[in-house]
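One letter stands for each residue in the lines below.
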Amino acid sequence: EINGYYVHFAGEPAGRGEHKRAGIPPDNEGHAVRIVKRKPSIEEYKQLQASIWGASGNDQVVENVMGTADLMVVAEDVVTGEVIGCALLLSDQARFYCLKNVMVRQDWQGRGVGTAMMKELMQRLESGITAPAMVGLFVRESLEPFYQQFGFLASFWMVKEIGPSQGSH
């Protein structure tokens, strides 16, 4: 790894998914990033949420979110193996995709991790579609420039937030 190559004996490490080295140079301590096509564990996902928002969802909600994803990638710290980011893609299995929960641990933000995950996710999606499709996402205005570099355009969406019913049945 010191020269930028990975050596795998007898194939991929068990249960780790497909590895792809991100184009992010190592930091001063030698920490580099690899993008892996795999589902984060519930605990990894919750740790990412907590690092960004200070709180995480309950296990069942996290499991439900990840269970709806058609494609997931995680960013791992090559040195520690820790998950430092993830991105999910949902679909109707036909022509509509929804990008969801592109998250990068706060101490890794601004270092190209989100960009590397998006490039991998979009490359995988674009190479696998067989008909014209639409990819949407809900995003804060401050993050629009980040997604515009991947060809996303500002659009008008209508949304309605709902919650559990308050009355008795």
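Conventions used here
Within each chain, residues carry numbers counting from 1 in the order of the written sequence. Selection of residues for local features in this predicted model requires a pLDDT of at least 70, selection of side-chain atom pairs for listing and counting requires 80 or more, and totals for whole chains, interfaces and linings are taken over all residues. As a rule here, side-chain values cover all heavy atoms of the structure and leave hydrogens and water aside. Pairing of aromatic side chains here covers Phe, Tyr and the six-membered ring of Trp, requires ring centres within 6.5 Å, and sorts the geometry by plane angle: under 30 degrees stacked, over 60 edge-to-face, intermediate tilted. Exposure is judged per residue with a 1.4 Å probe applied to protein chains only, and the accessible area is read against the type maximum: over 50% gives exposed, under 20% gives buried, and values in between give partly exposed. By convention a nonpolar core is built from buried Ala, Val, Leu, Ile, Met, Phe, Trp, Tyr and Cys residues, the set being connected through side-chain atoms within 4.5 Å. Secondary structure elements are defined from DSSP: runs of H or I of at least 4 residues count as helices, runs of E of at least 2 residues count as strands, and each element is numbered from the N terminus. Two residues form a contact once any of their heavy atoms are found within 4.5 Å. Picture the helix axis, draw a direction to every C-beta atom, and the arc is the one those directions span. Residues adjacent in sequence count toward polar contacts only when both atoms are side-chain atoms; beyond that, a polar contact is any pair of N or O atoms within 3.5 Å, and within protein one must be able to donate a hydrogen and the other to accept it.

## Digging into the packing of aromatic side chains
(1) Moving on: Per the counting criterion, the structure on display carries 3 aromatic pairs.
(2) Moving on: A centroid spacing of 5.4 Å and a plane angle of 70° characterise the contact between Phe 146 and Phe 150, whose relative ring orientation is edge-to-face.
(3) Moving on: What makes Phe 146 partly exposed here is its relative accessible area of 22%.
(4) Moving on: Residue classification places Phe 150 among the buried residues on the basis of a relative accessible area of 18%.
(5) Moving on: Aromatic side chains Tyr 147 and Phe 152 sit 6.2 Å apart centroid to centroid with 85° between the ring planes, which places their arrangement in the edge-to-face category.

## Here we look at the nonpolar core
A general feature of soluble globular proteins is that nonpolar side chains tend to end up buried together.
(1) Moving on: Core analysis: the largest hydrophobic core is formed by 23 residues, its most contacted members being Leu 99 and Phe 152.
(2) Moving on: When contributions to this core are tallied by element, the ones reaching two or more residues are β2 (33-37), β3 (71-77), β4 (83-91), β5 (96-104) and α3 (113-128).
(3) Moving on: The greatest single-element share of this core, amounting to 7 residues, is contributed by α3.
(4) Moving on: Residue contacts for Leu 99: discarding those within four places in its chain leaves Leu 88, Leu 89, Met 118, Leu 121, Gly 136, Leu 137, Tyr 147 and Phe 152.
(5) Moving on: Formed by 15 residues, the second largest nonpolar core is a distinct cluster that contains Ala 69, Val 74, Leu 88 and Met 103.

## Some remarks on helix α2 (residues 59-67)
(1) Moving on: Those residues of α2 not exposed but buried are Val 62, Val 65 and Met 66. Summarising the axial view, the buried residues of α2 lie within an arc of 90°, below the 170-degree limit, and thus occupy one face.
(2) Moving on: Tucked inside the fold, the buried residues of α2 contact α1 (42-53), β3, β4 and β5.
(3) Moving on: Capping the start of α2, Asn 58 holds a side-chain oxygen 3.0 Å from the backbone nitrogen of Gln 60, two or three residues further along.

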